[in-house]
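# Coordinate inspection notes
The chain contents come next:
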Amino acid sequence: MFAIADPPYEAPAPSLLDDLETALERVYLDDDPPDLARLARLRRQVEAVWLHKVADADGRGALSTSVRSPATELAGCSRSSQGTAARDLAAARRLADLPVTAGTFLEGAIGRDHVEVMTRAGTTPERIQMLRAAETELIELARRDTPRALATVVARCCDTVDGDDGAGAANAQHEHRRLHVSKAFQGLGVLDGELDPEGTEIAISALEHAMEQDPDRPGEKRRTRAQRRADALVDICRYYLTHVD
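In this report, we go over the structure that sits alongside the text. (Residues numbered from 1 in each chain as written. Predicted model: local features only at pLDDT ≥ 70, side-chain atom pairs only at ≥ 80, totals over all residues. Heavy atoms only, no water.)

A word on the side chain of E135. Considering the arrangement of structural elements, one finds E135 in helix α7 (residues 125-144). Buried charge without a salt bridge: E135, with R132 as the nearest opposite-charge side chain at an N-O distance of 4.2 Å. In this structure the side chain of E135 is engaged in a polar contact, spanning 2.6 Å, whose partner is the backbone nitrogen of T101. Dropping the residues within four chain positions of it, E135 is found in contact with L98, P99, V100, T101 and M118. (Helix = DSSP H or I, 4+ residues; strand = E, 2+ residues; numbered from the N terminus. Buried < 20%, exposed > 50% of the residue type's maximum accessible area, 1.4 Å probe, protein only. Lys, Arg positive; Asp, Glu negative; His and termini not counted. Salt bridge = Lys/Arg side-chain N within 4 Å of Asp/Glu carboxyl O. Polar contact = N/O pair within 3.5 Å; in protein donor to acceptor, adjacent residues only side chain to side chain. Contact = heavy atoms within 4.5 Å.)

See below:
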């Protein structure tokens, strides 16, 4: 009887992601002074690659299942909130219409906030056409200025295209409103959401007023501003449940 030898073991060929994981580990363990500006640019490039690959997976149907939406599927595989996954998916899909924006993002020359100004504006065919026509000039502005400055110019361009003095933009912002509240480990709550400008001002005003009514007391542990804001939100909800039938 001849023993049949097991086939020689072949280790899987290293992938590009293996190389990336190794490089990240080496950077993390490096004791040299960090070049934060370069590291930030690399972070932007990784974010650009992420959105590109999300768009690729979406286009191949890899995020579509019979029981879960693409955003839910993306949230599961990326271990992110539903809101974050939905924003990633929307940005990835709309970047396909904005090649200059996508290319500049991949260079790391602009950030995710710049990209979202552009992608969130492209809600109608007329707006997309306008953004494509002015994309080079808008991205040059994005290279040297803040997302807020870019948003101001883009909003004016959209108002011109809409021909409604900004009413369409206001309606679009209102349609973006959302609030996700979910329970996490040991009953902790996780909030993620987005409000339109008017709702934002109302929420901030209410929270600030509630925080003023609940200062830190002498002898108690001093709370962070974020902790005081969380307490204020709970106090507002408790007041509503107590006083509204």
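In this section: the pattern of salt bridges. Applying the stated criterion across every chain yields a total of 20 salt bridges. For R112, the salt bridge identified is with D88, shortest N-O distance 2.7 Å. A residue pair is termed long-range when its members are at least 10 positions apart, and R112 in helix α6 (residues 112-121) and D88 in helix α4 (residues 82-95) qualify at 24 residues. Taken individually, R112 and D88 each receive the classification buried, so the pair is uniform in this respect.

Along the chain, I139 falls in helix α7. Accessibility expressed as a relative area gives 1% for I139, which makes it buried.

Further remarks concern the nonpolar core. Judged by nonpolar contacts, the single largest core of 28 residues is most densely connected at M118, L131, L150 and V154. Mapped onto this core, the elements with two or more residues apiece are α2 (36-59), α3 (70-78), α4, α6, α7 and α8 (147-162). Residues contacting M118, with those up to four places away along its chain left out, are L98, T101, L131, E135, L138, I139, L150 and V154. (Core = buried A, V, L, I, M, F, W, Y, C linked by side-chain atoms within 4.5 Å.)

This part covers the pairing of strand β1 (residues 178-183). Relative to strand β2 (residues 189-194), β1 runs antiparallel, the two sharing six bridges. Directly across from K183, in β2, lies its bridge partner G189. Between β1 and β2, which pair antiparallel and follow one another directly, the connecting turn spans five residues, one of which, Q186, has a positive phi of 60°. (Pairing = 2+ DSSP bridges.)

Of note, D214 is situated in the loop between α10 (197-212) and α11 (225-243). A relative accessible area of 16% places D214 in the buried class. Those residues within four positions of D214 in sequence are excluded, and the remaining contacts are R223, R228, D231 and D235.

Two elements in contact, α6 and α7, have axes whose closest approach is 10 Å; the angle formed by their N-to-C orientations is 165°. Taken together, α6 and α7 sit at an angle that is classed as roughly antiparallel. Where α6 crosses over α7, the handedness of that crossing is right-handed. In contact with H114, M118 and A121 of α6, α7 contributes R127, L131, E135, L138, I139 and A142. (Axes fitted to C-alpha atoms, helices over the stretch in contact; angles between N-to-C directions. Parallel < 35°, antiparallel > 145°, perpendicular 65-115°, else oblique. Left-handed = near helix turned anticlockwise from the far one by under 90°.)

What follows is about the packing of α7 against α8. Two elements in contact, α7 and α8, have axes whose closest approach is 11 Å; the angle formed by their N-to-C orientations is 155°. In terms of orientation, α7 and α8 fall into the roughly antiparallel class. Seen from above, α7 lies across α8 with right-handed handedness. On α8, the residues that touch E126, R127, M130, L131, L138, L141 and A142 of α7 are A149, L150, V153, V154, C157, C158, V161 and D162. Across the contact of α7 with α8, the residue classes break down as twelve nonpolar, no polar and three charged. (Nonpolar A, V, L, I, M, F, W, Y, C, P; charged D, E, K, R; others polar.)

That's the geometry; what it means functionally is another story.
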